[in-house]
Amino acid sequence: MRKVMLTGDRPTGKLHVGHYVGSLRRRVELQNTGDFDDIFIMIADAQALTDNADNPEKVRQNIIEVALDYLACGLDPEKSTILIQSQIPELCELSFYYMNLVTVSRLQRNPTVKSEIQMRNFEASIPVGFFTYPISQAADITAFKATVVPVGEDQMPMLEQTKEIVHKFNSVYGETLVEPKILLPENQACMRLPGTDGKAKMSKSLGNCIYLSEEPDEIKKKVFSMFTDPNHIRIEDPGSLEGNTVFTYLDAFCRPEYFPEFLPEYENLDELKAHYQRGGLGDMKVKRFLNNVLQAELEPIRNRRKEFQKDIPAVYEMLRKGTEKAEKVAAETLSDVKAAMKINYFDDEELIKMQTAKYTEA
Ligand code: TRP
């Protein structure tokens, strides 16, 4: 079977380190293994509009930001097709047919949609488009016959919904759609990287994210103001790792080679953690280390981004080409879907013969 990777992001802001450890880094690694027959990376602007209907300008402005962040991280348009969701009308058509296979109560049970409704104070008036976005996401995934979808844990319900639609479709209309597998981040820290203030959700309005394009002094400022263990007051005090943002970030970012480079008195992260828990290791020292690690990780990304920023028309051209290529694939799937559902009247000679026979006297 063909191996196809697909994933995407809503263009509502620049991408941050949470996106990076949650999925972007993995995508680039997978891209570079050469194991995939096809890779599709979707800028999900239509999905972003499901809860930003009154703010299309925000979505429009952020398409280029997300594209630049992708390129900066090492997604290579020669290997990965980067596309803009709204420019592929086949996705809407697929969604429309999938809607017949999903119940309202099933959508109401989706935990991610539930919590997003709360977050946005939509309780009293949920936009229908927002409510049904898990169905549109199933269209995104199945249109490209994706077999692997690397995403964060919060996307698990979307993948479940997609699998159900695939099963239902295939059992009603015959084997047509491909079932995708979710690929979750490598550890708990990558799964849900907290904001620098220790709060679960990174958000622009809280000012608690480190962006991939962040300048070095900003990174440093944010690292040094990070939430640690509030009870770790004197250096001699034993410190706790639980909910300690600095250590969570180290779990997500630290590589073995950073110890000889930046903190040679420790062998590895386990040793550093043990010392912190025992007492005698100050927060400042750990923060200084984390700052060095993050600077080393983000510098090449920031520099590559600056190169791509020099030719914005070329980035749009890359997006146009990727979208065109992707549309061809989606159109093939849609044609399979319509044939399976027997709504391909004009391509179906059997149908015309049959109806002719019906009205021909024996
Ligand atoms: N829902 C995803 C997010 O909020 C974005 C997305 C849209 C996506 N379509 C997708 C992810 C298809 C994976 C596959 O991050």
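### Some words on the overall build of the protein chain
- Within the protein chain, the regular secondary structure consists of 17 helices and five strands.
- By its C-alpha atoms, the protein chain is 100 × 45 × 40 Å across when sized along the principal axes.
- Per-residue burial for the protein chain yields a buried fraction of 51% across its 362 residues.
- Residue pairs in contact within the protein chain that sit at least 24 positions apart in sequence constitute 78% of those at least 6 positions apart.
- Working note: accessible area of the protein chain is about 18,300 Å², and carbon and sulfur atoms make up 53% of it.

### Quick notes on the side chain of T112
- Relative to the assigned elements, T112 resides in helix α6 (residues 111-119).
- At 2.6 Å, the side chain of T112 forms a polar contact with the backbone oxygen of D154.
- Residue contacts for T112: discarding those within four places in its chain leaves Y133, D154, P157 and M158.

### So, the site of the ligand
- Close to the ligand lie L6, T7, G8, R10, A44, Q47, Q137, D140, I141, V149, V151 and Q155.
- Side-chain polar atom of Q47 to a nitrogen atom of the ligand: 2.7 Å apart, as the coordinates give it.
- Within the contact set of the ligand, a nitrogen atom lies 2.9 Å away from a side-chain nitrogen or oxygen of Q155.
- At the level of secondary structure, the elements contributing two or more residues to the shell around the ligand comprise β1 (4-9) and α8 (133-143).
- For the shell around the ligand, the class distribution of residues is five nonpolar, five polar and two charged.

### Some points on helix α1 (residues 17-33)
- With 17 residues, α1 should cover 24 Å at 1.5 Å per step; its first-to-last C-alpha distance of 23 Å lies within 8% of that length.
- When the local axis directions of α1 are compared, the greatest deviation, roughly 45°, occurs at S23.
- Burial analysis of α1 places 13 of its 17 residues in the buried class, which makes it a mostly covered element.
- Just downstream of α1 lies G34, where phi reads positive at about 75°.

### Some points on the pattern of salt bridges
- In this structure the tally under the stated criterion is 27 salt bridges.
- Between E93 and K338 there is a salt bridge, with its nearest N and O atoms 3.4 Å apart. With E93 in helix α4 (residues 90-98) and K338 in helix α16 (residues 312-340), this pair connects stretches of sequence that are 245 residues apart.
- Judged by relative accessible area, K338 falls into the partly exposed class, the value being 25%.
- One network of salt bridges, in which partners are shared, links R10, D51, E116 and R120.

### Thoughts on the nonpolar core
- The biggest cluster of nonpolar side chains holds 61 residues, and the ones touching the most others in it are Y249, L250, F253 and L272.
- Those residues within four positions of Y249 in sequence are excluded, and the remaining contacts are V17, L193, P194, G195, T196, M202, I210, M226, C254, L290 and L294.

### With respect to the pairing of strand β2 (residues 38-43)
- The element β2 is extensively covered by neighbouring structure, given that six of its six residues are classed as buried.
- Both faces of β2 are covered, namely the face carrying D38, F40 and M42 and the face carrying I39, I41 and I43.
- The pairing of β1 with β2 spans six bridges and is classified as parallel. The residue bridging M5 from the neighbouring strand is I39, located in β2.
- Of the crossover connections in this fold, the one passing from β1 over α1 to the parallel β2 is right-handed.
- Examined bridge by bridge, β2 and strand β3 (residues 81-84) share four bridges and lie parallel to one another. Bridge pairing in β3 links M42 to L83.

### Looking at the packing of aromatic side chains
- On inspection of all chains with the given rule, the structure shows 10 aromatic pairs.
- For the pair F259 and F289, a centre-to-centre distance of 4.8 Å together with 45° between the ring planes defines the contact as tilted. Highlighted residues: F259 in helix α13 (residues 258-262) and F289 in helix α15 (residues 283-309), separated in sequence by 30 residues.
- Taking relative accessible area as the criterion, F259 reaches 2% and is therefore assigned buried.

Quick notes on the rules
- As a convention, each chain's residues are numbered from 1 in the sequence order in which they are written.
- Whole-chain, interface and lining totals are the exception, using all residues; otherwise, since this is a predicted model, local features are given only for residues with pLDDT of at least 70 and side-chain atom pairs are given and counted only at 80 or more.
- The side-chain numbers reported here are obtained from all heavy atoms of the structure, hydrogens and water having been left aside.
- Where helices and strands are cited, they refer to DSSP runs of H or I of at least four residues and of E of at least two residues respectively, numbered from the N terminus.
- Exposure classes here rest on a 1.4 Å probe applied to the protein chains alone. A residue is buried below 20% of its type maximum, exposed above 50%, and partly exposed in between.
- Any pair of residues with heavy atoms lying within 4.5 Å of one another is described as a contacting pair.
- For the area figures, the Shrake-Rupley method with a 1.4 Å probe applies, and any residue is considered shielded solely by the protein chains shown.
- As used in this structure description, the phrase polar contact means that two N or O atoms lie within 3.5 Å; if the pair is within protein, one of them must be able to donate a hydrogen and the other to accept it, and residues adjacent in sequence are counted only when both atoms belong to side chains.
- For each residue, the test is whether any non-hydrogen atom lies within 4 Å of the molecule or strand; if one does, the residue is near.
- We call Asp, Glu, Lys and Arg charged. Ala, Val, Leu, Ile, Met, Phe, Trp, Tyr, Cys and Pro are nonpolar, and the rest, Gly among them, are polar.
- The span one expects for a helix is its residue count, reduced by one, times 1.5 Å.
- One fitted axis covers the seven residues ending at a residue, a second covers the seven starting there, and the bend at that residue is the angle between these axes.
- One speaks of a salt bridge when a side-chain nitrogen belonging to Lys or Arg is within 4 Å of a carboxyl oxygen belonging to Asp or Glu.
- The criterion is simple. A nonpolar core is a set of buried Ala, Val, Leu, Ile, Met, Phe, Trp, Tyr and Cys residues joined through side-chain atoms within 4.5 Å.
- Strand pairing requires that DSSP identify at least two bridges connecting the strands.
- Note on handedness: a crossover is taken as right-handed if, strands pointing away from the viewer, the path from the first strand over the helix to the second is clockwise.
- In this scheme Phe, Tyr and Trp rings, the latter by its six-membered ring, pair at centre separations within 6.5 Å, and the angle between planes marks the pair as stacked below 30 degrees, edge-to-face above 60, and tilted otherwise.

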